[in-house]
Amino acid sequence: MSDESPKQKADFWFDPACPFAWVTSRWIGEVEKVRSIEMDWHVMSLSVLNEGRELEHDYQRFLDENWGPVRVIVAASELHGREHIKPLYDAMGTLIHEEGVGDRPEVIRTALDRVGLPAELARFADSDEYDPQLRASHKEGIGKVGQEVGTPIVAFNGTAFFGPVLTRVPRDEDAGRIWDASVALAEYPHFFEIKRTRTERPKAQ
């Protein structure tokens with residue numbers, strides 16, 4: 001990779017509870033090692049996305065439990081700066097998806113401690129004080145792709161898609177090639193969708 005290659009821009013919308021968003025975000029980390037890219041990280045919410053829908057009991061409980069982490073990320077961003085969004089996502093995602101911590105208050109407490117943010121931010125997990133900002137960020141992302149999708153949403157140089165949905169993390173130049181392909185598809189204005197049935201669960205490690 002030439003050091004003179006122009007930087008490409010990507011915007012990434014995530015819900016920290018989503019395992020598919022987690023794997024895709026780890027892919028982005030691999031891409032950053034082999035391509036010149038500039039990332040901007042944004043929150044969205046599966047809980048907001050599914051408001052008003054009739055859902056199975058277990059999935060509704062999952063959504064109810066997962067307001068907390070994303071609310072705390074938004075509060076941290078508003079009170080301490082946007083630069084805390086990605087580190088706090090990394091910390092929460094590691095706890096949820098790699099260490100298997102299921103208790104959301106514990107996830108929040110431990111993540112705040114790991115990134116050096118005040119423990120008192122945990123109180124915003126049960127507060128709607130920053131929900132307008134959460135909903136605005138969610139609306140920005142979902143507005144680029146439509147309501148029939150979930151997380152992650154990635155915009156490549158301004159053109160957004162749901163996905164790429166990955167179940168394993170591509171490494172090294174494999175990560176770069178998938179990035180190149182994603183950018184190429186995004187550059188064609190009449191491309192909209194590629195899809196096949198998933199046959200395995202996401203795994204980040």
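Here the structure is a predicted model, which is why all the values come from computation and not from measurement.

Q: What is the right way to read the packing of helix α3 (residues 57-65) against helix α4 (residues 67-80) from this model?
A: When two helices pack together, their arrangement is given by the angle between the helix axes and the distance between those axes. At a minimum axis distance of 5 Å, the contact between α3 and α4 shows a crossing angle of 25°. It follows that α3 is roughly parallel to α4 by the angle criterion. Seen from α3, the contacting residues are L63, D64 and E65; seen from α4, they are W67, G68 and P69. Residues of the contact of α3 with α4, tallied by class, amount to three nonpolar, one polar and two charged.

Q: Mind showing me how you'd approach the pattern of salt bridges here?
A: Where charged atoms of side chains with opposite charge meet at close range, the side chains can pair. Applying the stated criterion to the full structure yields 14 salt bridges. For R135, the salt bridge is made with E51, and the minimal N-O distance between the two is 2.7 Å. Residue R135 is found in helix α7 (residues 131-142), and its partner E51 is found in the loop between α2 (46-49) and α3; the two are separated by 84 residues along the sequence. The exposure class assigned to E51 is partly exposed, which follows from its relative accessible area of 40%. Of the charged contacts, one joins R114 and E99 as a salt bridge, the two residues approaching to 3.1 Å between their closest N and O atoms. Here the residue R114 occupies a position in helix α6 (residues 104-115), and E99 occupies one in the loop between α5 (85-98) and α6, the gap between them amounting to 15 residues. Judged by its relative accessible area of 44%, R114 falls in the partly exposed class. Each member of the salt-bridge network shares a partner with another, and the members are R26, K86 and D90.

Q: Help me understand the sheet that holds strand β1 (residues 8-14), please; the structure alone is not making it clear to me.
A: Within a sheet, adjacent strands bond to each other through the backbone by hydrogen bonds, running parallel or antiparallel. The strand order across the open sheet formed by four strands is β2-β1-β3-β4, and the pairing between neighbours is mixed. Of all the strands in the sheet, just β2 (37-43) and β4 (159-162) have a single pairing partner and so form its edges. Along the sheet, successive strands turn relative to each other by an average axial angle of 20°, direction set aside. Bridge analysis of β1 against β2 gives seven bridges, and the strand direction is parallel. Opposite W13, over in β2, you have H42 as the bridge partner. Lying over the sheet, helix α8 (residues 172-187) contacts β1, β2, β3 (153-156) and β4, oriented at roughly 75° with respect to β3.

What counts, and at which threshold
- Residues numbered from 1 in each chain as written.
- Predicted model: local features only at pLDDT ≥ 70, side-chain atom pairs only at ≥ 80, totals over all residues.
- Heavy atoms only, no water.
- Axes fitted to C-alpha atoms, helices over the stretch in contact; angles between N-to-C directions.
- Helix = DSSP H or I, 4+ residues; strand = E, 2+ residues; numbered from the N terminus.
- Parallel < 35°, antiparallel > 145°, perpendicular 65-115°, else oblique.
- Contact = heavy atoms within 4.5 Å.
- Nonpolar A, V, L, I, M, F, W, Y, C, P; charged D, E, K, R; others polar.
- Salt bridge = Lys/Arg side-chain N within 4 Å of Asp/Glu carboxyl O.
- Buried < 20%, exposed > 50% of the residue type's maximum accessible area, 1.4 Å probe, protein only.
- Pairing = 2+ DSSP bridges.

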